[in-house]
Amino acid sequence: YVRQISALIAQHADQTVADTPAGLILYEMISIGYRSGLRLPSELTLLAKALFNLDAVTRSLDTAFNPSETIREYAGEIANQRARQELSPTRMFELASASSNLLQALPRRIDTITERMSRNDFAFRIDTPQLPDLLDGMQKIANRILIGLIICGLLVSSGLLMRYYQMLGLVGLILAGGIGLYVLITVLSTDRKRESKGKQ
């Protein structure tokens, strides 16, 4: 693709509009890209059509018009104008003023930083608005896991006690069932409240 496009540009370089139909050349570039398997933007086709229509107007106005020379001339003029704007006295004054403010504030800021470091009062603050909600959610998960382990322990110990102390084992099973039922009701009610708040 690069080789074919370079050959096409070299073939039509420094030619007048009478010898170089810009729209047709752009169509050839699009065809080369299509044959090379490249998906070019669809706007290029519209640009080629516009240039194809402008070619006839340009040829009727001036057949000796050389677009390459005009582009080079205006490109240099635009670059010089941009450079003059960047190097204008107003721009230089703005840069100097900003640099002066920075240099004036720099010693005081360095002194403040070193003073805090000497007092061991230098710290970084990280602003995380959702961190409390995340910690609260993790604490609730840890509490539920702990309750689940307690229930499992009660069930296992009650099952082992049923062989020797049936009454004590039965009390343990009833206690584990009650705790499990309470946790289940609490979880379901909490989830429903969150869903209702989310819908509001």
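Above: the structure in question.
This report concerns the structure included in the present document. (Residues numbered from 1 in each chain as written. Predicted model: local features only at pLDDT ≥ 70, side-chain atom pairs only at ≥ 80, totals over all residues. Heavy atoms only, no water.)

1. Digging into the overall build of the chain
Tallying secondary structure elements over the chain gives 7 helices and 0 strands in all. Going from N to C terminus, the chain has its helices and strands arranged as α-α-α-α-α-α-α. Considering only residue pairs separated by 6 or more positions, the chain has 57% of its internal contacts joining residues 24 or more positions apart. Accessible area of the chain: about 16,600 Å², with a carbon and sulfur share of 63%. (Helix = DSSP H or I, 4+ residues; strand = E, 2+ residues; numbered from the N terminus. Contact = heavy atoms within 4.5 Å. Areas by Shrake-Rupley, 256 points an atom, 1.4 Å probe, with all protein chains shown as cover.)

2. Topic: the packing of helix 2 (residues 22-35) against helix 3 (residues 43-61)
Their axes nearest at 7 Å, the elements helix 2 and helix 3 cross at an angle of 155°. The orientation of helix 2 with respect to helix 3, classified from their angle, is roughly antiparallel. Between helix 2 and helix 3 the crossing geometry is left-handed. Residue-level contacts link A22, G23, L24, L26, Y27 and I30 of helix 2 to L44, T45, L47, A48, K49, L51, F52 and D55 of helix 3. (Axes fitted to C-alpha atoms, helices over the stretch in contact; angles between N-to-C directions. Parallel < 35°, antiparallel > 145°, perpendicular 65-115°, else oblique. Left-handed = near helix turned anticlockwise from the far one by under 90°.)

3. A look at a nonpolar patch on the surface
On the surface, L155, M167, L170, V171, L173 and I174 cluster together to form a nonpolar patch covering roughly 560 Å² of accessible area. Sorting elements by how many residues they give to the nonpolar patch places helix 7 (residues 166-199) first, with 5 residues. Within the secondary structure layout, L173 lies in helix 7. (Patch = residues over 30% accessible without salt bridge, like charges linked within 9 Å, V, L, I, M, F, W, Y side chains within 5 Å. Salt bridge = Lys/Arg side-chain N within 4 Å of Asp/Glu carboxyl O.)

4. Some words on helix 1 (residues 2-12)
All of the buried residues along helix 1 are I5, L8 and H12. Burial along helix 1 is one-sided: seen end-on, the buried residues are contained in an arc of 60°. In helix 1, the exposed positions that point more than 90 degrees away from the buried face belong to V2, R3, A10 and Q11. Here the buried face of helix 1 lies against helix 2. (Buried < 20%, exposed > 50% of the residue type's maximum accessible area, 1.4 Å probe, protein only. Arc of directions from axis to C-beta.)

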